[in-house]
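Coordinates in review
So you can see what is in the structure, the chains are spelled out below.
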Amino acid sequence: LLFFGVVSIRIGSLYKVQTELRKQSAQLLQQIEKEKELHAVLLREKEYYASDLYVEKIAREQLSLVKPNEIIFQKRSQ
């Protein structure tokens, strides 16, 4: 009888551990999915920053560069 009592207590504690581990596993899987989404976003940003479109945008906005034979219009200050 004592043996069955000890075994049942041990099984109960193992069940609690298993439940906690499953809960933790589910949380980690959710975190992995979020990190995969973030990784995809960062890869798209990396591709954009390496593109000619981004380089041209920065050249125009921050360096005020223009393409050859491009007509520039300036606003008059009043």
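Just so we're clear, the structure is a prediction, and the values are computed from it rather than from any experiment.

1. Section: the overall build of the chain
A count of helices and strands for the chain gives two helices and zero strands. For the chain, whose C-alpha radius of gyration is 31 Å, the value lies well above the compact-globule estimate of 12 Å for 78 residues. Taking the principal axes of its C-alpha atoms as reference, the chain extends roughly 100 × 30 × 10 Å. Here the chain holds 78 residues, and 1% of them are scored as buried. As presented, the chain carries roughly 8100 Å² of accessible surface, and 60% of it is formed by carbon and sulfur atoms. Each charge sign in the chain was given a centre, from 13 positive and 10 negative side chains, and these centres are 7 Å apart.

2. Here we look at the packing of aromatic side chains
Inspection of every chain in the model, using the stated rule, returns four aromatic pairs. Among the aromatic side chains, those forming a connected cluster through ring pairs are Tyr48, Tyr49 and Tyr54.

3. Remarks on a nonpolar patch on the surface
A contiguous nonpolar surface patch, about 440 Å² in accessible area, is contributed by Phe3, Phe4, Val7 and Ile11. Note that isoleucine 11 resides in helix α1 (residues 2-49). Residue isoleucine 11 is classed as exposed on the basis of its relative accessible area of 53%.

4. Describing the pattern of salt bridges
Under the criterion given, the structure shown has four salt bridges. Salt-bridge contacts for lysine 36 lead to glutamate 33; the nearest nitrogen and oxygen are separated by 4.0 Å. Of this pair, lysine 36 and glutamate 33 both sit in helix α1, three residues apart, which is roughly one turn of the helix. The exposure class of glutamate 33 is partly exposed, given its relative accessible area of 42%. Measuring nitrogen to oxygen at the nearest pair gives 3.1 Å for the salt bridge that ties arginine 60 to glutamate 56. Of this pair, arginine 60 and glutamate 56 both sit in helix α2 (residues 52-61), separated by four residues, roughly a single helical turn. Its relative accessible area of 32% is what places arginine 60 among the partly exposed residues. Taking the relative accessible area as the measure of exposure, glutamate 56 reaches 31% and is therefore partly exposed. Several salt bridges share partner residues, and in doing so they unite Glu56, Arg60, Lys67 and Glu70 into one network.

5. What to know about unusual backbone geometry
One non-glycine residue with positive phi stands out, namely serine 64, at about 55 degrees. The topology assignment puts serine 64 in the segment after α2. Look at serine 64 and you get exposed, because its relative accessible area is 57%. Even without a glycine there, the phi angle at asparagine 69 is positive, about 65 degrees. For asparagine 69, the location among the structural elements is in the segment after α2. On the accessibility criterion, asparagine 69 (84% relative accessible area) is exposed.

Conventions and cut-offs
Residues numbered from 1 in each chain as written. Predicted model: local features only at pLDDT ≥ 70, side-chain atom pairs only at ≥ 80, totals over all residues. Heavy atoms only, no water. Helix = DSSP H or I, 4+ residues; strand = E, 2+ residues; numbered from the N terminus. Rg over C-alpha atoms; globule rule 2.2 N^0.38 Å. Buried < 20%, exposed > 50% of the residue type's maximum accessible area, 1.4 Å probe, protein only. Areas by Shrake-Rupley, 256 points an atom, 1.4 Å probe, with all protein chains shown as cover. Lys, Arg positive; Asp, Glu negative; His and termini not counted. Charge placed at Lys NZ, Arg CZ, Asp CG, Glu CD. Phe/Tyr/Trp six-rings, centres within 6.5 Å; stacked < 30°, edge-to-face > 60°. Patch = residues over 30% accessible without salt bridge, like charges linked within 9 Å, V, L, I, M, F, W, Y side chains within 5 Å. Salt bridge = Lys/Arg side-chain N within 4 Å of Asp/Glu carboxyl O.

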